[in-house]
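Topology and contacts: notes
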Amino acid sequence: MTRVVLPPLPRATTAPRTAPDAASRPTAPARRAGRLTVAPTPREVARSLAGQRWEPLIEFREPRWYRRVAEGPGWEAWLLSWLPGQSTGLHDHGGSAGAFAVLRGAVDEVLPLPSRPDSDDAEAGRTRLARRRYRAGQVRAFGAHHLHDVAAGGELAVTLHVYAPRLVSMTRYALVDGALAVTSREREGQDW
Ligand SMILES: [Fe+2]
């Protein structure tokens, strides 16, 4: 695994933060040498790492391929590849915030959402799924309580995922009769 030291990120140290980055900041601000320093967000780490040359490490395999490729204070980064038809299934990140950058191709993020207020009686109170496509060059950040499914966008794709703090557990879900149901819990060292 490569230990990556990120260069200083060009950002005003006292600038106000806006969601979702504020919610996904990996560590609290700390004072150092009289200056307020702020840890980079997962989005910033993902953007920084996305520019590196990862191609030699990437493999495409069934049923899935992923590899942890970098880590730093309070975060880690994984490369994932996507063959057509592959997907993660609905899962959370065990309390870690994160971001993913699409390096090649496109992926779809599937999000469970509450039914619309104007839903008819048959749909009221039922969770629905919404899908959004992210293409090469885009970065998607998410907070510590985010739940999603990520799926190949129909072509070979590569994504780089950053988690802060490091990913140590995940819970998997299924949509059963319009409601989310836990199907399994996974832990680092046992399941990946
Ligand atoms: Fe995820």
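Just so you know, the residues in each chain are numbered from 1, in the order the chain's sequence is written. Local features in a predicted model are, by the rule used here, given only for residues with pLDDT of at least 70; side-chain atom pairs are given and counted only at 80 or more, and totals for whole chains, interfaces and linings are based on all residues.

1. Concerning the nonpolar core
Defined as follows: Defined on buried residues, the nonpolar core groups Ala, Val, Leu, Ile, Met, Phe, Trp, Tyr and Cys residues joined through C-beta atoms within 7 Å. Three exposure classes are used, based on other C-beta atoms lying within 10 Å of a residue's own C-beta, which is placed from the backbone: buried for 20 or more, exposed for 12 or fewer, and partly exposed in between. In this description a helix means any DSSP run of H or I spanning at least four residues, a strand means any run of E spanning at least two, and both kinds are numbered starting from the N terminus. By definition, residues are in contact whenever their C-beta atoms, placed on the basis of the backbone, come within 7 Å of each other.
Counting 29 residues, the largest nonpolar core has Ala46, Leu49, Ala99, Ala101, Val107, Leu160 and Val162 as its most contacted members. Taken together, the elements giving at least two residues each to this core come down to helix H2 (42–50), strand E5 (75–82), strand E7 (97–104), strand E10 (139–142), strand E11 (149–152) and strand E12 (157–164). Ignoring any residue separated from it by four or fewer positions in sequence, one finds Ala101 in contact with Ala46, Arg47, Ala50, Val139, Thr159 and Leu160.

2. Describing the sheet that holds strand E6 (residues 90–91)
Basically, it comes down to this: A strand pair is defined by DSSP finding two or more bridges across the two strands.
Read across the sheet, three strands follow the order E6-E13-E14 without closing on themselves; strand pairing throughout is antiparallel. Single-partner strands in this sheet number two, and they are E6 and strand E14 (179–187). Relative to E14, strand E13 (residues 169–176) runs antiparallel, the two sharing eight bridges. Bridge pairing links Ala174 to Ala181 in E14.

3. Topic: the confidence of the model for the chain
A low pLDDT means the predicted coordinates there should not be read in detail. This is how the line gets drawn: Every residue carries a pLDDT, the predictor's confidence in it, which falls somewhere between 0 and 100.
Here the chain averages 85 in pLDDT, while 80% of its residues score no lower than 70. The model gives residues 7–31 a pLDDT under 50, and that stretch makes 39 contacts with residues more than four places away or in other chains.

4. Let's talk about the environment of Glu55
Inspection of the secondary structure puts Glu55 in the loop between H2 and strand E4 (65–72). Residue class for Glu55 comes out exposed when judged on the 9 C-beta atoms lying within 10 Å of it. With 103 residues separating them in the primary sequence, Glu55 and Val158 have C-alpha atoms 9.2 Å apart.

5. Remarks on H2
Taking burial as the measure, the nine residues of H2 include seven buried ones, the bulk of the element. All buried positions along H2 are accounted for by Pro42, Arg43, Glu44, Val45, Ala46, Leu49 and Ala50.

6. So, the sheet that holds strand E8 (residues 106–113)
What counts is decided by this rule: To define axes, lines are fitted to C-alpha atoms, for helices over the stretch in contact only, and angles between the resulting N-to-C directions are given on a 0 to 180 degree scale.
The antiparallel open sheet is built from three strands, whose spatial order is E9-E8-E11. For this open sheet the edge positions go to strand E9 (128–135) and E11, each flanked by a neighbour on one side alone. Shown here is a sheet whose adjacent strand axes are inclined to one another by a mean of 25°, direction ignored. Relative to E9, E8 runs antiparallel, the two sharing eight bridges.

7. Overview of the pairing of E8
The pairing of E8 with E11 spans four bridges and is classified as antiparallel. Looking at the pairing, Glu109 lines up with Val150 of E11.

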